[in-house]
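Take a look at the letters that make up each chain.
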Amino acid sequence: MTGDPFSTPAAGEQSYLERLPAPALRELVSSVWVQQVGRDTAPYVHRRIPNGAVELVCRVGSTPQVIGPLTEPLVEVLQPGTTIVGLRFVPGAFPVVAGQPASEVVGLALDAEELWGRSAAALGEAVGAADSPQEALAAAQLHVHELAGRGQRPDPLVSKMVRGLMPWRTVDVTSLRASLHISETQLRRRCHTAVGLAPKALHRMLRFQGFLALVQQAITQGRSATIDGLGLLALRAGYADQSHLTRECVRLTGVSPRVFIAETQRACACGHDHSASFAPVLRAETGTRPTRA
């Protein structure tokens, strides 16, 4: 089972190539990726930031892991020779493949065997025996497809909520809740079960993904993300002002916007492709105006 094709990584110290998943998984999975660190380079410091999603991470030679929705940044050091394949679930889709609420894995990095038993162990073996990263990724997607065949579809109201909370689609949760015709308590309960987070927390994380999409767009175009000033970038991403962006960036990444942008520039300008995640987000910037109550 494959999705969009992967090209050969550009020569360099490390690479991260992201693609859309196989068509059969696109209701559940937003993107899949291959990450590689060269054998003859220094260890690579990788910063994971909260994005509202659960991820299945398969490091070649190790037991697959499930990383629950993060509430704070997670910094990992990837050793030379590391190859990882993984997939990111659409927020709200995890209960379909896990058979349990996403709230039970918030902030955790679990061995996948704790959730799926022997089938997860078999996945680890298949990833380790694969002849290529793409073959390993196909094994991971097949595993998720088989799990999804046993479950239900995602909560439709939560799916609608998640779409509404994507960058540039709504001003706040209150506006969206009114359009969904559901009480605050009910929306919070269903979001907590399906996503693992409160709607407002999810909204903050998704708004930051919009900011990150703008940064990635600038990197792809070979220009500085802050060429027009950090304040204007903050406004474009939906923040009240630069101070608002700074508070959220420190909360979600652990560093200031300028440090985060510089760090992202260094890492992503030499062999990273995040287009599968950020191209759809950027289309919403011009295609949809925020709605207000």
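Data block above holds the structure.
This report concerns the structure included in the present document. Since the structure is predicted, the reported quantities are computational estimates derived from the model, not experimental observations. Residue indices follow the written sequence of each chain, beginning from 1 at its first position. Thresholds applied to this predicted model are a pLDDT of at least 70 for local features of residues and 80 or more for the giving and counting of side-chain atom pairs; totals over whole chains, interfaces and linings are not thresholded and use all residues. Where side-chain values are given, they derive from all heavy atoms of the structure, hydrogens and water being excluded.

1. Things to note about the overall build of the protein
Numbering of helices and strands runs from the N terminus; a helix is a DSSP stretch of H or I covering at least four residues, while a strand is a stretch of E covering at least two. Per the secondary structure count, the protein includes 12 helices and nine strands. Radius of gyration here uses only the C-alpha atoms, and the compact-globule reference equals 2.2 Å multiplied by the residue count raised to the power 0.38. For a compact globule of 293 residues, the expected C-alpha radius of gyration is about 19 Å, and the protein comes in at 19 Å, within 12% of that figure. With respect to the principal axes defined by its C-alpha atoms, the protein has extents near 55 × 45 × 30 Å. Within the protein, buried positions represent 50% of all 293 residues. Accessible area for the protein stands at about 13,500 Å²; split by element, carbon and sulfur atoms hold 51% of it. Positive charges come from Lys and Arg, negative ones from Asp and Glu, while His and the chain ends are left out of the count. A single reference atom marks each charge: NZ on Lys, CZ on Arg, CG on Asp, CD on Glu. Computed over 29 positive and 25 negative side-chain charges, the separation of the two mean positions in the protein equals 9 Å. Partly exposed residues are those whose accessible area sits between 20% and 50% of the maximum for their type, while under 20% is buried and over 50% is exposed, using a 1.4 Å probe and protein chains only. Note on areas: Shrake-Rupley with a 1.4 Å probe; residue coverage comes only from the protein chains shown.

2. Overview of the packing of helix 10 (residues 242-253) against helix 11 (residues 257-268)
Put simply, helix 10 and helix 11 touch, their axes get as near as 9 Å, and they point 60° apart. Considering the angle they form, helix 10 stands oblique to helix 11. Contact residues: Gln242, Leu245, Thr246, Cys249 and Thr253 in helix 10; Pro257, Arg258 and Phe260 in helix 11. Residue type decides the class: Asp, Glu, Lys and Arg count as charged, Ala, Val, Leu, Ile, Met, Phe, Trp, Tyr, Cys and Pro as nonpolar, and the leftover types, Gly among them, as polar. Residues belonging to the contact of helix 10 with helix 11 are distributed by class as follows: four nonpolar, three polar and one charged. Between N-to-C directions, angles cover 0 to 180 degrees, with each direction set by a line fitted to C-alpha atoms, over the stretch in contact for helices. These descriptions rest on fixed angle ranges, namely under 35 degrees for roughly parallel, over 145 for roughly antiparallel, 65 to 115 for roughly perpendicular, and the rest for oblique. Residues count as neighbours in contact if any of their non-hydrogen atoms are within 4.5 Å of one another.

3. A closer look at the packing of helix 5 (residues 156-165) against helix 7 (residues 184-194)
Where helix 5 meets helix 7, the axes come as close as 10 Å, and the angle between the chain directions of the two elements is 90°. On the basis of the axis angle, helix 5 is roughly perpendicular to helix 7. Contacts from Leu157, Val158 and Met161 in helix 5 reach Leu187, Arg190, Cys191 and Ala194 in helix 7. Tallied by class, residues from the contact of helix 5 with helix 7 come to six nonpolar, no polar and one charged.

4. Some thoughts on the nonpolar core
Met161, Val195, Leu202, Phe208, Phe211 and Phe260 are the most contacted members of the largest nonpolar core, which has 54 residues in total. Counting residues per element, this core draws most heavily on helix 8 (residues 199-220), at 12 residues. Beyond its immediate stretch of four places on either side in the chain, phenylalanine 260 contacts Arg47, Ile49, Phe208, Phe211, Leu212, Cys249, Thr253 and Val255. Nine residue types can take part in a nonpolar core, namely buried Ala, Val, Leu, Ile, Met, Phe, Trp, Tyr and Cys, and a core is a set of them joined through side-chain atoms within 4.5 Å. The next biggest cluster of nonpolar side chains, apart from the first, holds 34 residues, and it includes Val32, Phe89, Ala112 and Ala136.

5. Comments concerning a nonpolar patch on the surface
A contiguous nonpolar surface patch, about 250 Å² in accessible area, is contributed by Val45, Val75 and Val77. Inspection of the secondary structure assignment puts valine 45 in strand 3 (residues 44-48). The class of valine 45 is exposed, set by a relative accessible area of 52%. Patch definition: residues with relative accessible area over 30% and no salt bridge; like charges joined within 9 Å; nonpolar side chains (Val, Leu, Ile, Met, Phe, Trp, Tyr) joined within 5 Å. For this analysis, a salt bridge means a side-chain nitrogen from Lys or Arg found within 4 Å of a carboxyl oxygen belonging to Asp or Glu.

6. So, the pairing of strand 2 (residues 29-37)
Counting buried residues along strand 2, seven of its nine residues qualify, which places the element largely inside the surrounding structure. Pairing between strands is defined by DSSP: at least two bridges between the two strands are required. With seven bridges connecting them, strand 2 and strand 7 (residues 83-89) associate as antiparallel partners. Across the sheet, residue glutamine 36 finds its bridge partner in strand 7, namely threonine 83.

7. Structural notes on the packing of aromatic side chains
The relation between two aromatic rings is expressed through the spacing of the ring centres and the mutual angle of the planes. Stacked, tilted and edge-to-face are the three classes assigned to paired rings of Phe, Tyr and Trp, where Trp is represented by its six-membered ring and a pair needs centres within 6.5 Å; plane angles under 30 degrees give stacked, over 60 edge-to-face, the rest tilted. Applying the stated criterion to the full structure yields four aromatic pairs. Both rings, one in phenylalanine 208 and one in phenylalanine 260, keep their centres 5.7 Å apart while their planes meet at 55°; by these two values the pair is tilted. Highlighted residues: phenylalanine 208 in helix 8 and phenylalanine 260 in helix 11, separated in sequence by 52 residues. A relative accessible area of 0% places phenylalanine 208 in the buried class. Members of the aromatic cluster, each reached through a chain of ring pairs, are Phe208, Phe211 and Phe260.

8. With respect to the side chain of histidine 203
For histidine 203, the position within the fold is in helix 8. Beyond its immediate chain neighbours, meaning those up to four positions away, histidine 203 contacts Leu165, Thr170, Val171, Asp172 and Val173.

9. Here's the deal with the sheet that holds strand 4 (residues 55-59)
Read from one edge to the other, the open sheet built from seven strands follows the order 8-5-4-7-2-1-9, with strand pairing classed as mixed. Lying at the two open borders of the sheet, with one neighbouring strand each, are strand 8 (109-111) and strand 9 (272-273). In terms of strand pairing, strand 4 meets strand 7 through five bridges, oriented antiparallel. Its bridge partner lying in strand 7, glutamate 55 is registered against arginine 88. Against the sheet, helix 4 (residues 133-148) contacts strand 2, strand 4 and strand 7, and its axis sits at roughly 35° relative to strand 7.

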